[in-house]
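Fold and contact review
This is what each chain is made of:
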There are 2 protein chains.
Amino acid sequence: MRAEIIAVGTELLLGQIVNTNATYLSQGLAEMGIDVYFQTVVGDNAARISQAIELARSRADLIVFTGGLGPTQDDLTKDALAAYLNRPIVIHQPSMEKIESIFSSRGIHMVESNRRQAHMIEGSVPLKNEAGLAVGDGLTADGTHYMLLPGPPREMKPMFDGPGKTWLRSVAGDTHRLFSRILKFAGIGESSLEQKLIDLIDAQSDPTIAPYANEGEVAIRLSTKSQSEQEANAKLDRTEEQINQIVGKHLYAREDIPLEAAVIRLLRASGRKLSSAESCTGGLLAELVTNVPGSSGEFVGGVVTYTNMMKHKLLGIPMSQLEGTGAPGAISDSTAALMAERVRERTGSDFGISLTGVAGPSESEGKPVGLVHIGIARPGMPPAVHTIHLSGSREMIRLRAAKSALYRLWLELVDNS
Amino acid sequence: MRAEIIAVGTELLLGQIVNTNATYLSQGLAEMGIDVYFQTVVGDNAARISQAIELARSRADLIVFTGGLGPTQDDLTKDALAAYLNRPIVIHQPSMEKIESIFSSRGIHMVESNRRQAHMIEGSVPLKNEAGLAVGDGLTADGTHYMLLPGPPREMKPMFDGPGKTWLRSVAGDTHRLFSRILKFAGIGESSLEQKLIDLIDAQSDPTIAPYANEGEVAIRLSTKSQSEQEANAKLDRTEEQINQIVGKHLYAREDIPLEAAVIRLLRASGRKLSSAESCTGGLLAELVTNVPGSSGEFVGGVVTYTNMMKHKLLGIPMSQLEGTGAPGAISDSTAALMAERVRERTGSDFGISLTGVAGPSESEGKPVGLVHIGIARPGMPPAVHTIHLSGSREMIRLRAAKSALYRLWLELVDNS
């Protein structure tokens, strides 16, 4: 079954609100094994809604509307579809009674237009609105299925998930459900990852292998349609193992968690604790790590030493290391090593991680934007230092630097576990 | 001029990402006086992209694409439009050189597909990509204008706002432009702000007054259509002054900058320096502040003391303050005051700001999720402590706590400037 989502609302076309409904509905339909080929947004205009219906009918078996069921004169979806199908509008009595009783219980005068929220297209199955007043419709006409849902997400979601899906199952019959698995990667870019997997991606269509990038991380979604979870898992396991053979040292999770959560898990498993000393990332690494719920067991704390004086005062790094002729400077591998070692000592943690570099927009100490040194101090060994060159905006360099440092620590933890 | 936005990407149809690009582009086009009648989302499929182009051409003068310009074989937008228009693909030499030099400077092997990001449709104006590799296109063919933008928002936004708008103005000609002004507020919620301004909002239609909330901050957009900037500014000034009369103590900027940037400006103007000591926010405040370019002049650094032991080790707070029968505990106003004072002393800064509280998901020290104490140590006065109660997810509580602390500091700086 092919579906199209039509979101109705001029506020969407003006960019006043984000079309999160289309995302939610697409997800829900994909999980039911229904393919969405197009999403359309149209304004509160009867002629253009009609035009969108005409088009969607030509290319979809199911049209899911969201928006335009409210009480105002801008809410046109039901009237437009009824006119298009040449069917009359009828009153859904239970909804009408609910609307009347709510207004009378609140002692508010009900304006006539509120009655519109009890309108239905003749022949529809009513879709109950648990969170609002406008009733929804499920309707099949001339071989096309139509679902009409309200626009506010807190009304739309429960209507779709409850009576909407029940009605959909009754008309869609048995479908193969879509099962997905997310694999998360670090220390590798989206295009390199795809390059390494290209033969695998080209050679197989089930499960599908789709790479995507987001917030400094790279993910692959494996998807397969199946009638049982067991059958799906067997197929997903097989493909995952093939991927693991090729890029296993970058594969840090088999679910959609950020890298810092994987690092915290490894620390927890080995009973070890982490601290941080940040310069160019300004606290971002600490912020990412502490955003993992329960991370206070593994992350003890750290320092943000943004100036040379702070590197001296808070970490005891000699000024002669940082400034003056012949000094390595703040942005150097030896300073990264010292920062990591000192924060480890001062906090008494097992690992100390440090970042010093140039986030931009302009160079610093004559060193180029994007140059970052990562230090990792660890038990019983001298600190490791990694030097990387990043590109992008200030914000992206900071994020990529923090993720790179976490990746280096992750490798350290995996290799020694 | 009528525009249609076509977002290309199967991940949108699967509901894996939200189509925020359509929102951003719709806003930007509205500001230029260009009406958007439809937004369409289509998958990474050449035939369906072609079908979407055909349809959009029939109902729009301008088609803005976003997505599908990347290096992978799923990135089909340019090829599909070139094929539709029957125009060849050419190489944009400056982009090719940039791509080659970035790969060679990083010492990474460049895979062939990366060259695709320098492709252009013959006859296009190149739209420079400041934040990524794929070049964009501005093109007029058979009376229809086409703009091709990348999908990742951090690449799309600067391309649209910079070279994209320049090209659009060159083809769109004179329109009644929409002039907008953003007013930014802190220390007040969206609905309280709207409530206080409701009479003003209801009473006037030009400029329009639209409140919206985003990332822990609240903004108002004033908009007016006008042929001259001077005329628009006079109207915007008048409305701004009316708003300032009512909620001036929350109005921290007359442009779209985050609160931390306004705080840095005030510190800079008075030649004073800031440090931070964070517990529940885990480095988020430092991260926000250091994300402001040039903030190293005003923010010296700070500590993330996530555990009691770190509050003791890094800030010298007595363990008897933090633990044991009758101790105030880590989550207390007196600890917040001590943290702020000690980080101020240890760093030698003028202001020290501290945060200690419960971000969740579960309570701590028997104190409820959302309770946060903010300490502000300042020159020549005892530290100020503010206790707040926040709601939302762990992430939202952390963000709101950091923003609340910045708001308190902002008030301090404004009152004493």
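Note that this is a predicted model, so its numbers are computed, not measured. (Residues numbered from 1 in each chain as written. Chains lettered and ligands numbered in written order. Predicted model: local features only at pLDDT ≥ 70, side-chain atom pairs only at ≥ 80, totals over all residues. Heavy atoms only, no water.)

Notes on the sheet that holds strand 14 (residues 299-305) of chain A
Taken in spatial order, the ten strands line up as 17(A)-16(A)-15(A)-13(A)-14(A)-14(B)-13(B)-15(B)-16(B)-17(B) in an open sheet, and their pairing is mixed. Looking at strand neighbours, the two that pair on one side only are strand 17 (381-389) of chain A together with strand 17 (381-389) of chain B, the edges of this open sheet. Across this sheet, the average inter-strand angle for adjacent strands is 15 degrees, counted without regard to direction. Relative to strand 16 (residues 371-378) of chain B, strand 15 (residues 351-357) of chain B runs antiparallel, the two being bridged by six bridges. Note on strand 16 of chain B: the bridge partner recorded for Gly352 of chain B is Ala377 of chain B. Contacts from helix 14 (residues 394-415) of chain A reach strand 13 (274-278), strand 15 (351-357), strand 16 (371-378) and strand 17 of chain A, with the element oriented near 150 degrees to strand 15 of chain A. (Pairing = 2+ DSSP bridges. Helix = DSSP H or I, 4+ residues; strand = E, 2+ residues; numbered from the N terminus. Axes fitted to C-alpha atoms, helices over the stretch in contact; angles between N-to-C directions. Contact = heavy atoms within 4.5 Å.)

Quick notes on the environment of Arg116 of chain B
Residue and element names in this part refer to chain B. Position of Arg116 among the secondary structure elements: in the loop between helix 5 (93-106) and strand 5 (119-121). A relative accessible area of 24% means that Arg116 is categorised as partly exposed. In this structure, the C-alpha to C-alpha distance between Arg116 and Lys157, residues 41 residues apart in sequence, is 21 Å. (Buried < 20%, exposed > 50% of the residue type's maximum accessible area, 1.4 Å probe, protein only.)

So, the pairing of strand 16 of chain B
Residues and elements named next belong to chain B. Counting buried positions over the eight residues of strand 16 gives eight, a clear majority of the element. With burial as the criterion, each face of strand 16 is covered, one bearing Leu371, His373, Gly375 and Ala377 and the other bearing Val372, Ile374, Ile376 and Arg378. In textbook terms, the turn of a hairpin is the stretch between consecutive antiparallel strands, and for strand 16 and strand 17 this stretch comprises two residues, one of which, Gly380, has a positive phi near 70 degrees.

Things to note about the interface of chain A and chain B
Taken residue by residue, the interface counts 67 residues in chain A and 64 residues in chain B. Counting the surface lost from both chain A and chain B, the interface buries some 5,500 Å², and carbon and sulfur atoms represent 57% of this. Interface area lost by chain A to chain B is led by Leu13, Gln39 and Tyr306 of chain A, which between them contribute 10%. If you look at where chain A meets chain B, you find two salt bridges. In this structure, Arg398 of chain B engages Glu287 of chain A in a salt bridge whose closest nitrogen and oxygen atoms are separated by 3.2 Å. At the junction of chain A and chain B, the tally comes to 33 residue pairs in polar contact (both at pLDDT 80 or more). Each residue belonging to the side of chain A that touches chain B can be placed in one class, and the counts come to 28 nonpolar, 27 polar and twelve charged. Of the strand pairs in this sheet, strand 14 of chain A and strand 14 (residues 299-305) of chain B are connected by five bridges, and their pairing is antiparallel. Looking at the pairing, Val304 of chain A lines up with Gly302 of chain B of strand 14 of chain B. (Buried area = accessible area lost by both parts, 1.4 Å probe. Salt bridge = Lys/Arg side-chain N within 4 Å of Asp/Glu carboxyl O. Polar contact = N/O pair within 3.5 Å; in protein donor to acceptor, adjacent residues only side chain to side chain. Nonpolar A, V, L, I, M, F, W, Y, C, P; charged D, E, K, R; others polar.)

Overview of empty space enclosed by the protein
All told, the structure shown has two cavities of 30 Å³ or more when counted by the stated rule. Empty space within the largest cavity amounts to approximately 80 Å³. Every residue lining the largest cavity is listed: Gly68, Leu69, Gly70, Asp75, Leu76, Thr77, Lys78, Asp79, Arg116 and His119 of chain B. With three residues, the single largest contributor to the lining of the largest cavity is helix 4 (residues 77-85) of chain B. Grouping the amino acids of the lining of the largest cavity by side-chain chemistry returns two nonpolar, four polar and four charged. For the second largest cavity, the full set of lining residues is Gly68, Leu69, Gly70, Asp75, Leu76, Thr77, Lys78, Asp79, Arg116 and His119 of chain A. Counting residues per element, the lining of the second largest cavity draws most heavily on helix 4 (residues 77-85) of chain A, which supplies three residues. Residues belonging to the lining of the second largest cavity are distributed by class as follows: two nonpolar, four polar and four charged. (1 Å grid on protein atoms, 1.4 Å probe; cavity = no way out; pocket = protein on both sides within 12 Å on 5 of 7 lines; lining within 4 Å. Points joined across faces, edges and corners; volume = space filled by probe spheres on them.)

A look at the pattern of salt bridges
Under the criterion given, the structure shown has 39 salt bridges over all chains. Residue Lys165 of chain B is joined to Asp161 of chain B by a salt bridge in which the shortest nitrogen-to-oxygen separation is 3.4 Å. Separated by four residues within a single helix, Lys165 of chain B and Asp161 of chain B lie in helix 6 (residues 153-172), roughly one turn from each other. For Lys165 of chain B, a relative accessible area of 13% gives the class buried. Among the ionic pairs, Arg268 of chain B bridges to Glu298 of chain B, the shortest N-O distance being 3.1 Å. Residue Arg268 of chain B is located in helix 9 (residues 259-270), and its partner Glu298 of chain B is located in the loop between helix 10 (284-290) and strand 14; the two are separated by 30 residues in the primary sequence. A relative accessible area of 43% places Arg268 of chain B in the partly exposed class. Look at Glu298 of chain B and you get buried, because its relative accessible area is 8%. Three or more residues joined by partner-sharing salt bridges are found here, namely Lys184, Glu217, Asp256, Glu260 and Lys403 of chain A.

Here we look at the UniProt feature "coiled-coil region" (unreviewed entry) in chain A
Residues annotated by UniProt as "coiled-coil region" (unreviewed entry) correspond here to residues 222-249 of chain A. Here residues 222-249 of chain A runs as 68% helix and 18% strand, with 18 Å between its end C-alpha atoms. (UniProt positions renumbered as here; feature names shortened; annotations may be inferred.)

Here we look at helix 8 (residues 229-247) of chain B
All names here are of chain B. With 19 residues, helix 8 extends 26 Å from end C-alpha to end C-alpha; this agrees with the ideal 27 Å at 1.5 Å per step. The complete set of buried residues in helix 8 reads Ala232, Lys235, Leu236, Thr239, Glu240, Ile243 and Val247. With its buried residues spanning 135 degrees around the axis, helix 8 presents them on a single face. Seen from the open side of helix 8, the exposed residues pointing more than 90 degrees away from its buried face are Gln230, Arg238 and Gln245. (Expected span 1.5 Å × (residues − 1). Arc of directions from axis to C-beta.)

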